[in-house]
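Secondary and tertiary structure notes
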Amino acid sequence: HEPTETNLASQALKLRDSGATAVVMYTSDGFAIPLLQEMAKINYKPQILASSVLATSTMFRAGPTSQWNGAIIANFIPFPSALLVDGKGDPKADAVVAEILKYAPNQDVVKADLPRVLAGYAFAQPLIEGLKRAGPELTREKFVKAMESLKNWQGSLFNGISFSPTDRQGNNSVLLVKAAFAPRPGFSSVGGWVSFNSER
């Protein structure tokens with residue numbers, strides 16, 4: 001779709017007419033929700049697969065009759081209890097949420113967009129560790145060397161962070177979750193971490 005489009009009915013029809021039994025969504029919730037609603041209107045029920053951008057509570061606005069119910073999302077950080085249908089989240093993620101809420105001027109804003117808030121926090125964690133390891137006399141070279149010293153570092157929400165002179169990926173793991181509307185809107189784990197080695 002084009003970023004200016006507001007009516008996604010034609011995309012839903014094209015997808016249905018293609019015969020696709022699965023649709024991978026790489027878009028924002030502002031486009032994904034209306035597309036899912038259009039799919040529901042024409043009774044098109046493919047398996048939805050999505051990137052972490054759609055791992056947010058706003059996606060449940062698509063409604064329980066949409067294909068968001070059962071969508072599988074690849075996320076790169078674990079979810080806190082507030083986002084899981086069974087309320088049994090990752091303890092590390094729960095601790096981070098509690099810490100953020102202590103300082104958040106508007107807790108409702110944080111709670112409404114927890115996955116993105118946690119993603120921002122997770123991205124900062126290895127950066128801060130690299131700065132600490134680089135020491136007070138910071139140079140580019142010292143910082144790069146400090147980041148390259150991170151080997152399966154477990155001090156963040158990511159499932160181990162590693163850097164090397166030939167690998168700048170950092171995170172090489174995703175966690176698959178499934179969207180559900182019962183017993184409450186949220187996510188459930190599809191399995192454990194899926195990891196790959198990005199070294200070439």
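On a predicted model such as this, the values are computed, not experimentally measured, just so you know. (Residues numbered from 1 in each chain as written. Predicted model: local features only at pLDDT ≥ 70, side-chain atom pairs only at ≥ 80, totals over all residues. Heavy atoms only, no water.)

A few points about the pattern of salt bridges
Within the structure shown, the criterion is met by seven salt bridges. Between Asp17 and Arg16 there is a salt bridge, with the nearest N and O atoms lying 3.3 Å from each other. Exposure remark for Asp17: the relative accessible area of 56% places this residue in the exposed category. A salt bridge links Arg116 to Asp113; the nearest nitrogen and oxygen atoms lie 3.7 Å apart. Ionic contacts of the salt-bridge type, sharing partners, join the residues Asp29, Asp113 and Arg116 into one network. (Salt bridge = Lys/Arg side-chain N within 4 Å of Asp/Glu carboxyl O. Buried < 20%, exposed > 50% of the residue type's maximum accessible area, 1.4 Å probe, protein only.)

Focus: the nonpolar core
In this structure, Met25, Leu36, Met39, Ile48, Trp68, Ile73 and Phe187 are the most contacted members of the largest nonpolar core, which totals 48 residues. Put simply, the parts of the chain that give this core at least two residues each are β1 (22-25), α2 (29-41), β2 (47-50), α3 (91-103), α5 (114-134), β4 (161-164) and β6 (173-180). Considering every element that reaches this core, the biggest residue donor is α2, with six residues. (Core = buried A, V, L, I, M, F, W, Y, C linked by side-chain atoms within 4.5 Å. Helix = DSSP H or I, 4+ residues; strand = E, 2+ residues; numbered from the N terminus.)

Some details on the sheet that holds β2
Taking strand neighbours across the sheet as the criterion, the five strands line up as β1-β2-β3-β6-β7 in an open arrangement whose pairing is mixed. For this open sheet the edge positions go to β1 and β7 (186-195), each flanked by a neighbour on one side alone. Neighbour-to-neighbour, the strand axes of the sheet open up by a mean angle of 20°, direction not taken into account. Summarising the sheet, strand β3 (residues 72-75) and β6 pair through four bridges and their orientation is antiparallel. Of the residues in β6, the one forming a bridge with Asn75 is Leu175. Across the sheet, α2 is in contact with β1 and β2; its angle to β1 comes to roughly 165°. (Pairing = 2+ DSSP bridges. Axes fitted to C-alpha atoms, helices over the stretch in contact; angles between N-to-C directions. Contact = heavy atoms within 4.5 Å.)

A short note on the pairing of β3
On β3, burial follows the alternation: Ile73 and Asn75 on one face are buried, whereas Ile72 and Ala74 on the facing-out side are not. Where β2 and β3 come together, two bridges link them in parallel fashion. When the sheet's bridge partners are listed, Ala50 is paired in β3 with Ile73.

A word on the packing of aromatic side chains
A complete count under the given rule lists seven aromatic pairs for this structure. Judged by centre distance (5.2 Å) and plane angle (75°), the ring pair of Phe60 and Phe181 falls under edge-to-face. Placement of Phe60 in the loop between β2 and β3 and of Phe181 in the loop between β6 and β7 is noted, with a sequence separation of 121 residues between them. The class for Phe60 is buried, based on a relative accessible area of 12%. One aromatic cluster is present, built from ring pairs that chain together Phe60, Trp68, Phe79, Phe181 and Phe187. (Phe/Tyr/Trp six-rings, centres within 6.5 Å; stacked < 30°, edge-to-face > 60°.)

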